Amino acid sequence: MAQKMSIDEFMRLVRSRRSCRKFKTDPVPDEMVEKILEAGRWAMSGGNGQPWEFVVIRDQAIKDRIADLFMNHRERVYQIERTRVKELRMPAYYEKPERKAPPLKNAPVIIAMLGDKRTKQSSVLSSHFFFGEGGPFAGYWKAMANATQIMHLAAAAQGLGSQWVTVNKGWEESLKAILEVPEELDIQTLIPIGYPDYKAPPPYRRKLSDIVHHDKYDHSKFRDGEAIYNWLLELRNRTEKSYEHGV
Ligand SMILES: Cc1cc2nc3c(=O)[nH]c(=O)nc-3n(C[C@H](O)[C@H](O)[C@H](O)COP(=O)(O)O)c2cc1C
């Protein structure tokens with residue numbers, strides 16, 4: 001019978017997982033990567049559609065091409081971010097963010113999270129046109145996010161660091177071309193993985209008492225626009241250090 005993990009161990013794992021944006025050069029053994037992939041395979045998905053597939057990237061020439069592609073895209077992100085008032089900008093974009101690249105070149109391994117939207121047929125037909133869960137494809141994206149999250153945890157459980165690098169329409173097609181991904185599939189996220197080369201700054205999360213309601217929504221906890229704005233400013237201050245090595 002499988003040994004039961006204590007809740008304290010589980011919470012330690014959950015809390016110890018932090019986005020890692022700088023890695024040592026030490027290689028990550030295949031067996032460790034395999035465990036991360038295996039964890040992803042067990043994620044929850046609507047109708048058990050399991051939309052995920054993974055490309056494990058170790059080839060340096062491919063990593064270099066991905067890193068260059070990212071930086072080209074980043075220039076656009078930077079220009080858009082500059083249209084915001086400075087206090088609301090992502091800290092990594094206060095200045096031109098060349099130095100804040102994610103560790104795509106140097107990560108010993110990158111996992112590309114591919115998704116196949118056609119698997120959405122696994123869930124009830126109404127979910128395709130009732131805009132429940134935030135839109136027809138939201139369930140698919142959530143399934144992909146579930147797999148991604150659980151893979152980050154599997155990395156943390158092995159003492160590895162990992163970063164969630166969003167892939168979006170700005171560079172997805174070019175990335176698909178590099179990885180020769182069929183037209184029918186998406187690339188949602190890249191997960192660079194390696195041994196952490198620094199200690200992540202203390203994490204920040206909202207207090208449980210601020211976010212939990214019992215039986216009904218407690219309106220004394222509702223945040224109006226101004227409260228959200230002030231909180232975002234505070235968030236920027238609290239998390240600036242997290243992006244010191246990249247974003
Ligand atoms: C949907 C989603 C997209 C994210 N995209 C990025 C990203 O593109 N680059 C990055 O550095 N971190 C990204 N992150 C990681 C978050 O910034 C990070 O989880 C958050 O700041 C909390 O910090 P922690 O992971 O260290 O606890 C993403 C996370 C999620 C869930």
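The present account deals with the structure reproduced in this document. (Residues numbered from 1 in each chain as written. Predicted model: local features only at pLDDT ≥ 70, side-chain atom pairs only at ≥ 80, totals over all residues.)

1. With respect to the packing of helix α2 (residues 30–41) against helix α4 (residues 138–157)
Which entries qualify depends on this criterion: Whenever a helix is involved, its axis is fitted only over the stretch in contact; in every case the axis is a line through C-alpha atoms, and angles between N-to-C directions fall within 0 to 180 degrees. What counts as a helix is a DSSP run of H or I of at least four residues, what counts as a strand is a run of E of at least two, and both are numbered from the N terminus. By definition, any crossing whose near helix is turned counterclockwise from its far helix by less than a right angle is left-handed, and any crossing with a clockwise turn is right-handed. C-beta atoms are placed from the backbone for every residue, and two residues are taken to be in contact when these atoms lie within 7 Å. In the scheme used here, Gly and all other residues not listed as nonpolar or charged are polar, with Ala, Val, Leu, Ile, Met, Phe, Trp, Tyr, Cys and Pro taken as nonpolar and Asp, Glu, Lys and Arg as charged.
At their nearest, the axes of α2 and α4 sit 8 Å apart, and the two run at 145° to each other. Crossing geometry of α2 relative to α4 is assigned as right-handed. Residues Lys35, Ile36, Ala39 and Gly40 of α2 pack against Ala147, Ile150, Met151, Leu153, Ala154 and Ala155 of α4. Partitioned by chemical class, the residues of the contact of α2 with α4 number eight nonpolar, one polar and one charged.

2. Some points on the site of the ligand
Note the threshold: All residues are tested the same way: a C-beta atom is placed from the backbone, and lying within 6 Å of a molecule or strand makes the residue near it.
Neighbouring the ligand are Arg18, Ser19, Pro102, Gln163, Trp164, Val165, Thr166, Ala200, Pro203, Ser242 and Val247. Of the residues contributing to the shell around the ligand, the split by class is six nonpolar, four polar and one charged.

3. A closer look at the nonpolar core
Put simply, the rule is: Buried Ala, Val, Leu, Ile, Met, Phe, Trp, Tyr and Cys residues whose C-beta atoms connect them within 7 Å together make up a nonpolar core. Any residue whose C-beta has 12 or fewer other C-beta atoms within 10 Å is treated as exposed, any with 20 or more as buried, and any in between as partly exposed, C-beta atoms being built from the backbone.
In this structure, Val109, Ile110, Ile111, Ala112, Met113 and Ile193 are the most contacted members of the largest nonpolar core, which totals 33 residues. In terms of residue count, α4 provides more of this core than any other element does, eight residues in total. Each residue touching Ile111, except ones within four places of it in the same chain, is listed here: Ile36, Phe54, Val56, Met151, Ile191 and Ile193.

4. Structural notes on the pairing of strand β5 (residues 185–194)
Just so we agree on the cut-off: When DSSP finds at least two bridges between two strands, those strands are taken to pair.
When you tally the buried positions in β5, you get nine out of ten residues, the bulk of the element. Two elements, strand β3 (residues 161–162) and β5, share two bridges in a ladder whose sense is antiparallel. Bridge assignment links Ser162 to a residue of β5, and that residue is Ile193. Taken together, the two bridges between strand β4 (residues 165–166) and β5 define a ladder with antiparallel strand orientation. The partner of Val165 across the bridge, within β5, is Leu190.

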